[in-house]
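Residue-level structure breakdown
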Amino acid sequence: MGRVGEVLDILAYTSSQISWQLILSAISRAQTSSGDILKIDLNLEALPSIVLSCVALEAFVNEVSSLTYAFLFECEQENVHLQNIDMYEKIAEIRNSNDGNFYQRYKRLLKILEIEHPTFREQIFYLKEVRDMIVHFKTTDIPIVDDGETIRAAQSLPEELNALKKFKINNYPIIASDGKDGSVEWPLKVSTSAMAAWSITLVLDAIIYSLDAIPNKELKDFIVKKYATYDEAFPNLFQQGKATVKRWTKELYDS
């Protein structure tokens, strides 16, 4: 008997849906760690939520690429003629490239889908900046200074993150204030429930937007079906996740 690989006919391709698991983990961690915001909006799971959200968006782009490849394979097997096949082949090719961070890969997907500049793309860039700050260790160096009165930690917000000061969730800034003496470490300034909710919601919006932008109805249905939810009130898991975050932040900030 020959090897399995020599006798097995390939019926089709598919892809694991890891992006939703990462998003769900981010939502769960952020909800669990959200505390009493009457004193301070502190959430020690905000930083993991940022990183998980970024990884989830990259995973989603790769999944769309793999699922598009599976769709093209099935169409070829069934002799189905497709218009704009060059577009779908370019999407399918993304999965073969190891180049680019999550932001660059998402931009590549949007470009192929001929989406020039969605309103939130700038925010995705800022999300990349804060993610880079978290994982690049040099930016977490905290100098200890003598200001003539006391010896204390002193760390200003990295310049790359100043743009984040304008964003809010339910009127709560996603960046916390400096405190009375301005000595709050910048990782703590971004460790808020508002920041966690902002990063998760932003990635969910990016995913939902790109799903809606797929021009071929059959391909769109093929992909969306992979993210179906048992709750008929929502067309896919990402819409359900967005509603969960919205409900959580409303309960948190209205309490």
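A short tour of the structure in this document, coming up. (Residues numbered from 1 in each chain as written. Predicted model: local features only at pLDDT ≥ 70, side-chain atom pairs only at ≥ 80, totals over all residues. Heavy atoms only, no water.)

**Comments concerning the overall build of the protein**
- Within the protein, the secondary structure is distributed over ten helices and four strands.
- In sequence order, the protein lays out its α and β elements as α-α-α-α-α-α-β-β-β-β-α-α-α-α.
- When contacts within the protein are restricted to residue pairs at least 6 apart in sequence, those whose partners lie at least 24 apart make up 69%.
- With the model as given, the accessible surface of the protein reaches about 14400 Å², and the carbon-plus-sulfur share is 50%. (Helix = DSSP H or I, 4+ residues; strand = E, 2+ residues; numbered from the N terminus. Contact = heavy atoms within 4.5 Å. Areas by Shrake-Rupley, 256 points an atom, 1.4 Å probe, with all protein chains shown as cover.)

**Digging into the nonpolar core**
- Counting 76 residues, the largest nonpolar core has Leu127, Leu164, Ile174, Trp198, Ile223 and Phe238 as its most contacted members.
- Listing elements by their share of this core, those giving two or more residues are helix 2 (19-33), helix 3 (46-77), helix 4 (85-93), helix 5 (102-112), helix 6 (121-135), helix 8 (193-213), helix 9 (217-224) and helix 10 (237-254).
- Once residues lying within four places of it in the same chain are set aside, the contact partners of Trp198 are Gln123, Tyr126, Leu127, Leu164, Phe167, Ile169 and Ile174. (Core = buried A, V, L, I, M, F, W, Y, C linked by side-chain atoms within 4.5 Å. Buried < 20%, exposed > 50% of the residue type's maximum accessible area, 1.4 Å probe, protein only.)

**A word on unusual backbone geometry**
- Backbone geometry at Glu114 places phi at a positive 65°, although glycine is not the residue there.
- Along the chain, Glu114 turns up in the loop between helix 5 and helix 6.
- Positive phi is not limited to glycine here, since Asn170 has a value of about 50°.
- One can find Asn170 in the loop between strand 3 (168-169) and strand 4 (172-173).

**A short note on the packing of helix 2 against helix 8**
- Orientation of helix 2 relative to helix 8, taken along the N-to-C sense of each, is 160°, at an axis distance of 10 Å. The orientation of helix 2 relative to helix 8 falls into the category roughly antiparallel. Between helix 2 and helix 8 lies a crossing whose hand is left-handed. Along its contact with helix 2, which presents Ile23, Ala26, Ile27 and Ala30, the element helix 8 presents Ala196, Ile200, Val203 and Leu204.
- Tallied by class, residues from the contact of helix 2 with helix 8 come to eight nonpolar, no polar and no charged. (Axes fitted to C-alpha atoms, helices over the stretch in contact; angles between N-to-C directions. Parallel < 35°, antiparallel > 145°, perpendicular 65-115°, else oblique. Left-handed = near helix turned anticlockwise from the far one by under 90°. Nonpolar A, V, L, I, M, F, W, Y, C, P; charged D, E, K, R; others polar.)

**Comments concerning a nonpolar patch on the surface**
- A surface patch of nonpolar side chains, about 360 Å² in accessible area, is lined by Ile40, Leu42, Leu44 and Leu188.
- Inspection of the secondary structure assignment puts Leu188 in helix 7 (residues 186-189).
- Overall, the relative accessible area of 39% leaves Leu188 in the partly exposed class. (Patch = residues over 30% accessible without salt bridge, like charges linked within 9 Å, V, L, I, M, F, W, Y side chains within 5 Å. Salt bridge = Lys/Arg side-chain N within 4 Å of Asp/Glu carboxyl O.)

**Section: the environment of Ala196**
- Along the chain, the position of Ala196 falls in helix 8.
- Along the sequence, Ala196 and Gln31 sit 165 residues apart, while their C-alpha atoms lie 9.1 Å from each other.
- Excluding residues within four positions of it along the chain, Ala196 makes contact with Ala30, Ala46, Ser49 and Trp248.

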